[in-house]
Amino acid sequence: MQEGGLERAHVPKDVDVAAAGRGVWLVKVPKYLSEKWKKSTGNNDVGKLKITTSKFPDQKPNVVFTLNDSLANQKIPGEQPCPKEHKMKLTGLGNQNLVVFSQIPLPTTKDGEAGISESMPSEKIALEGRVIQRAECTPLIKDNKYLDLKRLHTEVTNRPRREVIQIDTVVASYKPVSNHRFNVMHDEKVKIAGKRLRADKDKVMDMLFNAFEKHQYYNVKDLVTLTKQPITYLKEILKEICTYNMKAPHRNMWELKPEYRHYKEQAPADG
């Protein structure tokens, strides 16, 4: 996070506490039910909650949630209709003290005069109430829609990731190649290099001396091309008459040893 964003995150913000005394329920609902609620448009009711108080003081009330018919019978491609009847299993809070906050985004406006800019709050934070009851929403088993939903979920879970599909149309296929063209070209180069016969040592040395009369430094590959000799055989001769440079500016290049150098010296100019 950038420094400016970090400072804005820690700026004190106003919190609307008008509903701080209101009691709210914290309910855990199935995923399919929450998706139905998200897809509900406008301020329409998503269902009805029926609370039946028990005659016995120590027994918890019976709470049943009935989903709206339009949402329960809503047909979505690839989805099964969800159960309509759900039961709330009430649980206690224990020693927890929970509250519910809401964040409503607000449009940000900036007004600047004489180089001064003021930014309005980007969201409204409100305290919606204090949690007085926790519950877990579960569908009623007697509902056939729930059984269909669980059956579909089991089929999707047990469906293999890879399936064998019979193809009716012709598919372009490529036959396997025993040896690719690149490998064939490489093998031909190796054969050509292997066919190079070792010439007489004195003849090879004469070719090397003639080459070094033209240039003082040579790469081994260039010498192989000039002499047409196997590289291992050529290196044996080079070690006898040449020096291998390990430092710049002629690194990795061969040069005749001082006792074999016969460079033509320029004649001194007449005074």
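Since the structure is predicted, the reported quantities are computational estimates derived from the model, not experimental observations.

Colleague: How should unusual backbone geometry be read in this particular structure?
Modeller: Most peptide bonds take the trans form, and the phi angle of most residues other than glycine is negative. The residue after Ala 248, namely Pro 249, is reached through a cis peptide bond having omega 10 degrees. Inspection of the secondary structure puts Pro 249 in the loop between strand E10 (242-244) and strand E11 (254-256). Phi at Lys 228 is positive, roughly 55 degrees, even though this residue is not glycine. Within the secondary structure, Lys 228 sits in the loop between helix H7 (220-227) and helix H8 (231-241).

Colleague: Would you explain the pattern of salt bridges in this entry?
Modeller: Charged atoms that come close allow side chains of opposite charge to pair. The full count for this structure, using the stated rule, is three salt bridges. Here Glu 240 and Lys 201 are joined by a salt bridge, their closest N and O atoms 2.8 Å apart. On the criterion of sequence distance, the pair formed by Glu 240 in helix H8 and Lys 201 in helix H6 (residues 201-214) is long-range, its members being 39 residues apart. Using a relative accessible area of 39% as the deciding quantity, one classes Glu 240 as partly exposed. Relative accessible area serves as the criterion here: at 33%, Lys 201 is assigned to the partly exposed category.

Colleague: Help me out: how do you make sense of the packing of aromatic side chains in this one?
Modeller: In this description, an aromatic ring pair is defined by two values, namely the gap between the centres and the angle between the planes. Inspection of the entire model under this criterion finds four aromatic pairs. Ring geometry for Tyr 244 against Trp 254: centres 5.0 Å apart, planes inclined by 55 degrees, an arrangement best described as tilted. Here Tyr 244 is found in strand E10, whereas its partner Trp 254 is found in strand E11, with ten residues between them in sequence. On the basis of relative accessible area, Tyr 244 is assigned to the partly exposed category, the value being 36%.

Colleague: Could you clarify how one ought to interpret the packing of H7 against H8 in this entry?
Modeller: Two numbers describe a pair of packed helices, the interaxial angle and the distance between the axes. Running from N to C, H7 and H8 point in directions that differ by 105 degrees, and their axes come no closer than 10 Å. In terms of orientation, H7 lies roughly perpendicular with respect to H8. Residues Val 220, Leu 223, Val 224 and Thr 227 of H7 form the contact with H8, whose own contacting residues are Ile 231, Leu 234, Lys 235 and Leu 238. Grouping the constituent residues of the contact of H7 with H8 by class yields six nonpolar, one polar and one charged.

Colleague: Got a minute to help me understand H8 in this structure?
Modeller: In an α-helix, one turn spans 3.6 residues; hence positions three or four apart end up facing the same way. Within H8, burial applies to Tyr 233, Leu 234, Ile 237, Leu 238 and Ile 241. End-on, the buried residues of H8 take up no more than an arc of 135 degrees, which puts them together on one face. Those residues of H8 that are exposed and angled more than 90 degrees off the buried face are Thr 232 and Lys 239. Those residues of H8 hidden inside the fold are in contact with H6, H7, E10 and E11.

Colleague: Just to check I follow, could you spell out the nonpolar core for this structure?
Modeller: A general trend in soluble globular proteins is that nonpolar side chains are found buried together. Residues Leu 208 and Leu 238 are the most contacted members of the largest nonpolar core, which totals 17 residues. For this core, the secondary-structure elements that each account for two or more residues are H6, H7, H8 and E11. Core analysis: the second largest hydrophobic core is formed by 13 residues, Leu 33, Phe 65, Leu 67 and Leu 71 among them.

Colleague: Teacher, can you tell me more about the pairing of strand E4 (residues 62-67) here?
Modeller: Side-chain positions along a regular strand alternate between the two faces of the sheet. Burial of the side chains of E4 is restricted to one face: Val 63, Phe 65 and Leu 67 are buried, whereas none of Asn 62, Val 64 and Thr 66 on the reverse face is. With six bridges joining them, strand E3 (residues 47-52) and E4 adopt antiparallel strand pairing. Of the residues in E4, the one forming a bridge with Thr 52 is Asn 62. The pairing of E4 with strand E5 (residues 85-91) spans four bridges and is classified as antiparallel.

Each value, and the rule that gives it
- Residues numbered from 1 in each chain as written.
- Predicted model: local features only at pLDDT ≥ 70, side-chain atom pairs only at ≥ 80, totals over all residues.
- Heavy atoms only, no water.
- Helix = DSSP H or I, 4+ residues; strand = E, 2+ residues; numbered from the N terminus.
- Salt bridge = Lys/Arg side-chain N within 4 Å of Asp/Glu carboxyl O.
- Buried < 20%, exposed > 50% of the residue type's maximum accessible area, 1.4 Å probe, protein only.
- Phe/Tyr/Trp six-rings, centres within 6.5 Å; stacked < 30°, edge-to-face > 60°.
- Axes fitted to C-alpha atoms, helices over the stretch in contact; angles between N-to-C directions.
- Parallel < 35°, antiparallel > 145°, perpendicular 65-115°, else oblique.
- Contact = heavy atoms within 4.5 Å.
- Nonpolar A, V, L, I, M, F, W, Y, C, P; charged D, E, K, R; others polar.
- Arc of directions from axis to C-beta.
- Core = buried A, V, L, I, M, F, W, Y, C linked by side-chain atoms within 4.5 Å.
- Pairing = 2+ DSSP bridges.

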